[in-house]
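# A closer look at the structure
Listed below, chain by chain, are the residues.
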There are 2 protein chains.
Amino acid sequence: MSLLVMKFGGTSVATLDRIRRAAKRVGREVANGHEVIVIVSAMSGKTNELVGWVGETSPFYDAREYDAVVSSGENVTAGLMALTLQEMEIPARSWQGWQVPLRTTGAHGAARITEIPTEAMRGRFDDGMKVAVVAGFQGISAEGRITTLGRGGSDTTAVAFAAAFDAIRCDIYTDVDGVYTTDPRITSKARKLDRIAFEEMLELASLGAKVLQTRSVELAMRYKVKLRVLSSFDEYDENAGTLVCEEDEIMESNVVAGVAYSRDEAKITLLGVADRPGIAAGIFGPLAEAGVNVDMIVQNISEQGETDMTFSCPVDQVARADRAMQQAREAGSIGFSELVADTEVAKVSVVGIGMRSHAGVAARMFQSLRDEGINIKVITTSEIKISVLIDRKYMELAVQALHDTFELEKAG
Amino acid sequence: MSLLVMKFGGTSVATLDRIRRAAKRVGREVANGHEVIVIVSAMSGKTNELVGWVGETSPFYDAREYDAVVSSGENVTAGLMALTLQEMEIPARSWQGWQVPLRTTGAHGAARITEIPTEAMRGRFDDGMKVAVVAGFQGISAEGRITTLGRGGSDTTAVAFAAAFDAIRCDIYTDVDGVYTTDPRITSKARKLDRIAFEEMLELASLGAKVLQTRSVELAMRYKVKLRVLSSFDEYDENAGTLVCEEDEIMESNVVAGVAYSRDEAKITLLGVADRPGIAAGIFGPLAEAGVNVDMIVQNISEQGETDMTFSCPVDQVARADRAMQQAREAGSIGFSELVADTEVAKVSVVGIGMRSHAGVAARMFQSLRDEGINIKVITTSEIKISVLIDRKYMELAVQALHDTFELEKAG
């Protein structure tokens, strides 16, 4: 018998009615002959409420207690989902993370899954259970404390179960109907993709397309779990949503799959940096220690033993980066004349596995931006991605222009 | 080092501010040199919300899923309390029922505690932990499912921990400042008792004085756990609240300790019952099977081979009792001519261990009711209690009259 994993996010289980609606979808898959593992998030808003209480109680909280508190929302949904399925006469029961037990590292608040034993649950399926409902986002550490996987961790839970149980597919039900060529709020020409490669999805996820948590895509890629993103609010359709799959399962595709953006970026430039070996480590070591997520890095050509070093980071980390750099300078580990921060920038990227075999994508991108009069501040590239930093006020314009340039409104 | 158990009910932890207030009381006991096990309920209203969701989802719910859902409220409070104590620099951690593990029977929704292992928690105290915060009301079955102990189960959790850890006392913090001679809403003469014997408290608890769950008092009596009920809202005072203790710890006392009442009673009379051996079993067997909680029973003197049988039960169980009796008659297991139900009655009781050695309490009670013109419908007595069933409209009057008659406004 084939096993399917279905994950329902917070908005898909926000009310008892929505839980019933989700349960009906589960029921249809059971009727289709599948055994199903359902992963549920907390009802929409619940986790934020709990996180708020923890923060208000204790600004520098014990992460173990944080996890014990915030994991409770998923437990409620899991029980209610099991009850709803039972009402539909579908044999179901709920599992909390520690009951599976879904074993994790002890990194509270951001734990990584280390093991999902399958025998006990497998035995229940063999005894006639049709649906196992699992509270997402949580696990248990070697010390027997409750852990959580970090925000969006339920996606990761779902993919991990799909891998452990060798599921035919992992369906992620959410409040959007799939992965788009870009954000439909920015251009109405944005088109839903039927399929997207893992690598592309990874770049899009990490670039700010908030459909799937990056870690879940990484995990799916590693274990070759077919991942489908679809809306729990649309009428059901065999081909609904977007399938995230291996490259060779995508028959034909555009050179560029999508245009992603990240609005809240900052560009920091260190002027007059002494250009000597080890200077990069001297800069980025302290930044990493200070918890600054450095993204793009550009080093200008050295002139007379001095160079400028530019990097980007989230705009809310600028103060932290500034402090780290001033301290490093005072400590004498680096030297620079001035730190200049530009907090009004955004990042726009084009992503596509087709770039590997198609030259000229970068040229077309730069041409398109030039035609719109948009100045490029920083460029970085990878095998399947080209990102540019531009003035934030041009972000929407850039996304629209690039979407047109690469004709993303047309299927590949 | 002496260990104290402190239990905080839902109203005492209803908000973050109230949790802080409760934590301060815990902090004071730590400063006094105690190790403390804190038992917490869910924030006021949370359990009702969860119970409502379960009922709405599934009218005939799977009690295992019910328990998984409704137990989550206590987990939130336990984590928040531990964090609050940590903020006060008191070494504390939270335990959920399965982490202790507090082992129970598999009777979901009304499980009984079978074991509380103390070694692990004891070890943490020995390592310097000052406060163990335990989520009340919940445990784990032999099958590894979450169980709950039934409404008010956190009191039972607290007493069980006090027994297991040989605590010097179990303080139950609630929204009333102790046990009263009767409900202060009925007579302003009601007086708080400084001490009350376990047996008296048991009778008062089961008669509807909702201060402590009956089971917790039974457990405290069996294991000789000193139980103190006090308000979490009053200023602290060494002698605050009411101490529930053994009879010989009460120096002097009134003959009658208190007047209890139960408003929603019904009286059912079966007329023309054939008076033959086994008829009581023929009646009360089917009632028990139907889940009717029969309280008082009176059999009238037999006339010409027929008798009348009268019993009382909660008013909302009358329809169930009627159905059970009609079915038993149709099945031929009992015979009666008519079932008459009086749904407008209330029970009023006087309770006191002094009755054992003082004659005439019943006579004074009946006299007092007669002086008020209140007709007694049914009487039952135990060693330390006399209960009467009367018209509900006279209930307050009866309580006031009995309170005056036994001079309960004066300390014994």
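What counts and how
- Residues numbered from 1 in each chain as written.
- Chains lettered and ligands numbered in written order.
- Predicted model: local features only at pLDDT ≥ 70, side-chain atom pairs only at ≥ 80, totals over all residues.
- Heavy atoms only, no water.
- Disulfide = S-S within 2.5 Å.
- Buried < 20%, exposed > 50% of the residue type's maximum accessible area, 1.4 Å probe, protein only.
- UniProt positions renumbered as here; feature names shortened; annotations may be inferred.
- Contact = heavy atoms within 4.5 Å.
- Helix = DSSP H or I, 4+ residues; strand = E, 2+ residues; numbered from the N terminus.
- Buried area = accessible area lost by both parts, 1.4 Å probe.
- Salt bridge = Lys/Arg side-chain N within 4 Å of Asp/Glu carboxyl O.
- Polar contact = N/O pair within 3.5 Å; in protein donor to acceptor, adjacent residues only side chain to side chain.
- Nonpolar A, V, L, I, M, F, W, Y, C, P; charged D, E, K, R; others polar.
- Phe/Tyr/Trp six-rings, centres within 6.5 Å; stacked < 30°, edge-to-face > 60°.
- Lys NZ or Arg CZ within 6 Å of the ring centre and 35° of its normal.
- Least-squares fit on C-alpha atoms with pLDDT ≥ 70 in both.
- Domains from an automatic or database assignment.
- Pairing = 2+ DSSP bridges.
- Axes fitted to C-alpha atoms, helices over the stretch in contact; angles between N-to-C directions.

Moving on, we come to the state of the cysteines. What makes a disulfide is a covalent bond joining the sulfur atoms belonging to two cysteines. Residues and elements named next belong to chain B. Going through the model one piece at a time under the given rule, you end up with 0 disulfides over all chains. With no disulfide of its own, Cys 170 lies closest to Cys 245 among cysteine sulfurs, the gap being 14 Å. Using a relative accessible area of 0% as the deciding quantity, one classes Cys 245 as buried.

All right, on to the UniProt feature "binding site: ATP" (unreviewed entry) in chain A then. All names here are of chain A. As annotated by UniProt and renumbered to match this structure, "binding site: ATP" (unreviewed entry) occupies Lys 7, Phe 8, Gly 9, Gly 10, Thr 174, Asp 175, Tyr 180, Arg 185, Lys 210 and Val 211. For this annotated set, covering 205 residues, the C-alpha atoms extend up to 25.1 Å from each other, a dispersed arrangement in space. On the basis of relative accessible area, Phe 8 is assigned to the buried category, the value being 0%. Not counting residues within four places of it along the chain, the set of residues in contact with Phe 8 comprises Val 13, Ala 22, Arg 25, Val 26, Val 38, Ile 39, Val 40, Ser 41, Met 81, Tyr 173 and Ser 232. Locating Thr 174 in the fold gives a position in strand β9 (residues 169–174).

Moving on, we get to the interface of chain B and chain A. Interface size is commonly expressed as the accessible surface area that is lost when the partners come together. At the interface, 38 residues of chain B touch 38 residues of chain A. Counting each side, the surface lost to burial between chain B and chain A is near 3,200 Å², with a carbon and sulfur contribution of 59%. Applying the counting criterion to the chain B and chain A interface returns 2 salt bridges. Close ionic contact of B:Glu49 with A:Lys46 constitutes a salt bridge, the shortest N to O distance being 3.9 Å. Between chain B and chain A we count 8 residue pairs in polar contact (both at pLDDT 80 or more) in total. Of all the elements in the fold, those that place two or more residues in the side of chain B that touches chain A are α1 (16–31), α2 (46–57), α3 (63–70), α4 (72–87) and β3 (92–95) of chain B. Ranked by residue count, the leading element in the side of chain B that touches chain A is α4(B), at 9 residues. Partitioned by chemical class, the residues of the side of chain B that touches chain A number 19 nonpolar, 10 polar and 9 charged.

It is worth spelling out the packing of aromatic side chains at this point. According to the stated counting rule, one finds 9 aromatic pairs over all chains in the structure shown. Ring centres of A:Tyr61 and A:Tyr66 lie 4.8 Å apart, and the angle between their planes is 15°; this geometry places the pair in the stacked category. What makes A:Tyr66 buried here is its relative accessible area of 13%. Centre to centre, the rings of A:Trp98 and B:Trp98 are 4.2 Å apart; their planes meet at 5°, and the pair counts as stacked. With A:Trp98 in the loop between β3 (92–95) and β4 (103–104) and B:Trp98 in the loop between β3 and β4 (103–104), the pair connects residues from two separate chains. Owing to a relative accessible area of 11%, A:Trp98 belongs among the buried residues under this scheme. A cation sits over an aromatic face here: A:Arg93 above A:Trp95, 4.0 Å from the ring centre.

Of the transformation placing chain B onto chain A, the axial shift is 0.1 Å and the rotation is 179°, giving an RMSD of 0.2 Å. Read as a symmetry element, the transformation amounts to a two-fold axis. No C-alpha of chain B lies nearer the rotation axis than that of B:Ser72, which sits 2.9 Å from it. The residues that chain B uses at the interface reappear at the interface of chain A in 100% of cases, marking a shared surface.

For chain A, the assigned domains are domain 1 (3–175) and domain 2 (259–405). One C-alpha centre belongs to domain 1 of chain A, the other to domain 2 of chain A; they are set 38 Å apart.

Right, let's talk about the pattern of salt bridges for a bit. All names here are of chain A. Applying the stated rule across the entire model yields 50 salt bridges over all chains. Of the charged contacts in the structure, one is a salt bridge between Asp 391 and Lys 377, with a shortest N-O distance of 3.2 Å. Here Asp 391 is found in strand β18 (residues 385–391), whereas its partner Lys 377 is found in the loop between α11 (361–371) and β17 (378–382), with 14 residues between them in sequence.

Further remarks concern the side chain of B:Ser58. Looking at where B:Ser58 falls in the secondary structure, it is placed in the loop between α2 and α3. Residue B:Ser58 is classed as buried on the basis of its relative accessible area, which comes to 2%. Polar side-chain contacts of B:Ser58 include one of 2.8 Å to the side chain of A:Glu87. Sequence-distant contacts of B:Ser58, that is, excluding residues within four places in its chain, are made with A:Leu83 and A:Glu87.

Turning our eyes to something else, we now look at the sheet that holds strand β13 (residues 258–274) of chain B. All names here are of chain B. Ordered by their spatial adjacency, 6 strands build an open sheet running β14-β15-β13-β16-β18-β17, and the pairing between neighbours is antiparallel. With one partner strand each, in any of the chains shown, β14 (297–299) and β17 (378–382) form the two edges of the open sheet. Within this sheet the neighbouring strands show an average axis-to-axis angle of 25°, counted without direction. Looking at chain direction, β17 and strand β18 (residues 385–391) are connected through 5 bridges and run antiparallel. Within the sheet, the bridge partner assigned to Thr 380 lies in β18 and is Ser 387. Where helix α11 (residues 361–371) meets the sheet, its contacts fall on β16 (338–351), β17 and β18, and the angle it forms with β18 comes to roughly 20°. Against the sheet, helix α12 (residues 395–405) engages β13, β16 and β18, with an angle of about 120° to β13.

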